[in-house]
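Residues per chain, in single letters:
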Amino acid sequence: MDAGSTATSATTDGLLDAERARILAKAAIFAPPPATLPDGRRDLVGLSREELAAEMAAIGEKPFRAKQVWHWIYHQGETDFAKMTTIAKPMQARLAERFVVGRPEVATRQDSTDSTRKWVFAFRDAQRIETVYIPSAEEDRGAVCISTQVGCTLSCTFCHTGTQKLVRNLGAAEIVGQFMAARDSYGEWPSPKDGAPRLLSTIVVMGMGEPLYNYENVAKALRIIMDHEGIGLSRRRITLSTSGVVPMMDRCGAELGVGLAVSLHAVTNELRDEIVPLNRKYPIEDLLAACRRYPGASNARRITFEYVMLRGVNDSEAEARELVRLLRGIPAKVNLIPFNPWPGSAYRTSTSEAIQRFAGILNDAGYSSPIRRPRGRDILAACGQLKTESERAPRPRAPKPAA
């Protein structure tokens with residue numbers, strides 16, 4: 001590498017670092033409320049191992065107690081300290097005085113005719129999000145689609161969630177709690193042993209919100225989920241979807257190593273600027289460069305590009321060929337998603353013939369391009385259909401100065 005290339009790389013790294021700092025600072029504005037009940041008890045869900053050990057030390061317990069409590073919370077799925085039988089009764093009582101093992105409240109539950117299940121979860125501040133379990137059509141297992149924000153700031157024009165303004169970020173407890181509540185619903189505790197079949201076998205971080213705009217809380221939650229002494233879900237079973245928050249993609253790959261899905265949906269900056277407004281900040285060429293840098297991407301672990309099929313908008317054969325050109329050199333697969341209508345949407349779903357032609361061009365070029373079967377449409381649980389009625393409270397106005 002010559003001196004000019006080195007200087008360019010250093011400049012790029014510096015710009016990415018500055019942009020990462022800006023993103024994290026903005027996330028703090030939408031921070032979740034403290035994980036403390038009105039009576040002062042602390043929720044133990046969402047604490048890291050180190051934080052849990054510190055809480056145990058604060059009540060005079062030895063470090064091994066944290067390991068026991070961790071096992072009961074994340075391996076056994078127990079919420080009642082009195083049922084944690086390896087812990088002496090006096091300590092059970094002390095824990096119950098100071099702590100809770102929380103879950104989001106199930107406000108509503110809907111089951112689709114295709115066995116998809118959607119929950120509306122309510123949190124302690126009455127904000128709500130949606131979480132979906134999507135069973136596999138081929139196997140006795142499925143994926144839990146979890147949310148990371150109440151609302152969304154991206155305003156993608158084809159997405160129902162994008163019509164709901166961002167209210168706040170979810171905390172680590174609220175993110176991991178969605179998966180734990182889903183396990184409650186299906187009776188899948190304790191965590192299955194290695195090799196045992198899991199009904200809830202996969203997590204897709206594809207629900208409400210942009211995960212990389214709430215990176216710190218998402219990362220903390222996923223580390224808890226991947227911990228081998230708790231829930232123990234492999235990073236290979238977790239896929240995080242982003243609309244292209246380029247500065248955070250490198251950090252996500254380096255620190256978490258989970259699968260990456262990119263909401264692409266267009267092959268020109270002109271169209272993507274319109275339907276995915278984030279593209280105005282991080283255009284396609286920068287997004288694809290970040291994909292090429294993504295750690296761990298290989299033919300065995302390809303990056304998924306999500307492409308919603310909009311009739312007459314992005315579904316031509318010419319656009320399929322341009323997509324092939326753009327993805328050259330990236331270990332990739334393309335999920336073709338028939339547009340899922342929602343009330344007030346201006347788009348129509350591409351015809352099955354157009355989708356098949358599009359897929360054929362990608363397949364012929366060597367890119368796996370499955371056409372996603374719509375699931376849960378009848379309960380507005382399909383891709384791009386999630387939304388709740390939560391709204392951000394208006395900020396109080398400053399008092400007028402006295403006359």
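See above for the structure.
Only a predicted model underlies this, so the values are computations on that prediction, with no experimental measurement involved.

1. Topic: the overall build of the protein chain
Looking only at helices and strands, the protein chain features 11 helices and 13 strands. Residues counted as buried form 53% of the 403 residues belonging to the protein chain. Sequence separation of 24 or more characterises 68% of the internal contacts of the protein chain that already satisfy a separation of 6 or more. Carbon and sulfur atoms make up 52% of the accessible area of the protein chain, which amounts to about 18600 Å² in all.

2. A look at the packing of helix 2 (residues 49–58) against helix 3 (residues 63–75)
At a minimum axis distance of 8 Å, the contact between helix 2 and helix 3 shows a crossing angle of 120°. Considering their axes alone, helix 2 and helix 3 lie oblique with respect to each other. Here helix 2 runs over helix 3; the crossing is right-handed. Side by side, helix 2 and helix 3 meet where R49, L52, A53 and M56 of the first sit next to R65, A66, V69 and W70 of the second. For the contact of helix 2 with helix 3, the class distribution of residues is 6 nonpolar, no polar and 2 charged.

3. Examining the packing of aromatic side chains
Tallied over the entire structure, the rule returns 6 aromatic pairs. When the centroid spacing of 5.9 Å and the interplanar angle of 10° are considered together, the rings of W119 and F121 count as stacked. F121 sits in the buried class, given a relative accessible area of 0%. Among the aromatic residues, those joined into a ring-pair cluster are W119, F121, Y133 and Y186. It is R117 that lies over the ring of Y186; its NZ or CZ is 4.3 Å from the centre.

4. Looking at unusual backbone geometry
In the segment running from W189 into P190, the intervening peptide bond is cis, with an omega of -5°. With respect to the secondary-structure elements, P190 resides in the loop between helix 5 (172–186) and strand 9 (200–205). A positive phi angle is found at S115, which is not glycine, with a value near 80°. Note on S115: relative accessible area 46%, which makes it partly exposed. Although it is not a glycine, A126 sits at a positive phi angle of roughly 75°. For A126, the location among the structural elements is in the loop between strand 4 (117–122) and strand 5 (128–135). Looking at A126, the relative accessible area reads 55%, which means it is exposed.

5. What about the nonpolar core?
Of all hydrophobic cores here, the largest spans 110 residues; its most connected members are F158, L222 and F305. In this structure F305 touches V262, L264, L288, C291, L327, I330, A332, K333, V334 and N335, once residues within four positions along its chain are discounted.

6. Brief notes about the pattern of salt bridges
According to the stated counting rule, one finds 28 salt bridges in the structure shown. A salt bridge links E61 to R94; the nearest nitrogen and oxygen atoms lie 2.0 Å apart. Pair noted here: E61 is in the loop between helix 2 and helix 3 and R94 is in helix 4 (residues 89–98), with a separation of 33 residues, a long-range link. The class for E61 is buried, based on a relative accessible area of 14%. For R94, a relative accessible area of 28% gives the class partly exposed. A salt bridge links R251 to E216; its shortest N-O distance comes to 3.3 Å. Placement of the pair is R251 in helix 7 (residues 246–255) and E216 in helix 6 (residues 215–226), with a sequence separation of 35 residues. Classification of E216 as partly exposed rests on a relative accessible area of 42%. Here the residues in one salt-bridge network are R49, K67, D227 and E229, joined through shared partners.

7. Some details on the sheet that holds strand 4
Strand order in the open sheet formed by 9 strands is 3-4-5-6-9-10-11-12-13, with mixed pairing between adjacent strands. Here the strands that pair on one side only, and so sit at the sheet edges, are strand 3 (105–111) and strand 13 (332–338). Averaged over all pairs of adjacent strands, the angle between their axes in this sheet comes to 25°, without regard to strand direction. As paired strands, strand 12 (residues 303–309) and strand 13 are joined by 7 bridges and run parallel to one another. Bridge pairing links Y307 to L336 in strand 13. Along the sheet face, helix 5 touches strand 3, strand 4, strand 5, strand 6 (142–145) and strand 9 and points at about 125° away from the line of strand 4.

8. A short note on the side chain of N335
Inspection of the secondary structure puts N335 in strand 13. Those residues in contact with N335 that lie beyond four places of it in its chain are T304, F305, E306, Y307, P370 and R372.

Each value, and the rule that gives it
Counting of residues starts from 1 at the beginning of each chain's written sequence and follows it residue by residue. It should be noted that, the model being predicted, local features are given only for residues of pLDDT at least 70 and side-chain atom pairs only at 80 or more, the latter also being counted only at that level, while totals for whole chains, interfaces and linings use all residues. Think of the side-chain values as coming from all heavy atoms in the structure, minus any hydrogens and water. In this text, helices come from DSSP runs of H or I with a minimum length of four residues, and strands from runs of E with a minimum of two, each type numbered from the N-terminal end. Here the term buried applies to any residue with accessible area under 20% of the maximum for its type, exposed to any over 50%, and partly exposed to those in between, with areas from a 1.4 Å probe on protein chains only. For this analysis, residues touch if any pair of their heavy atoms sits within 4.5 Å. Note that accessible areas follow from Shrake-Rupley with a 1.4 Å probe, and for residues the cover is restricted to the protein chains shown. Convention adopted: a line fitted to C-alpha atoms gives each axis, helices being fitted over their contacting stretch, and angles between N-to-C directions are expressed from 0 to 180 degrees. Here the word oblique covers every angle except those under 35 degrees (roughly parallel), over 145 (roughly antiparallel) and from 65 to 115 (roughly perpendicular). In this scheme the crossing of two helices becomes right-handed for a clockwise turn of the near helix relative to the far one and left-handed for an anticlockwise turn of less than a right angle. Only Asp, Glu, Lys and Arg are considered charged, only Ala, Val, Leu, Ile, Met, Phe, Trp, Tyr, Cys and Pro nonpolar, and every remaining residue, Gly among them, polar. Classification of ring pairs uses Phe, Tyr and Trp, with its six-membered ring standing for Trp, and accepts pairs whose centres are within 6.5 Å; under 30 degrees between planes counts as stacked, over 60 as edge-to-face, and the remaining range as tilted. Only Lys NZ and Arg CZ are tested; either one counts as a charge over a ring when it is within 6 Å of the ring centre and within 35 degrees of the ring normal. By convention a nonpolar core is built from buried Ala, Val, Leu, Ile, Met, Phe, Trp, Tyr and Cys residues, the set being connected through side-chain atoms within 4.5 Å. Just to be clear on terms, a salt bridge is a Lys or Arg side-chain nitrogen sitting within 4 Å of an Asp or Glu carboxyl oxygen. A pair of strands counts as paired when DSSP detects no fewer than two bridges linking them.

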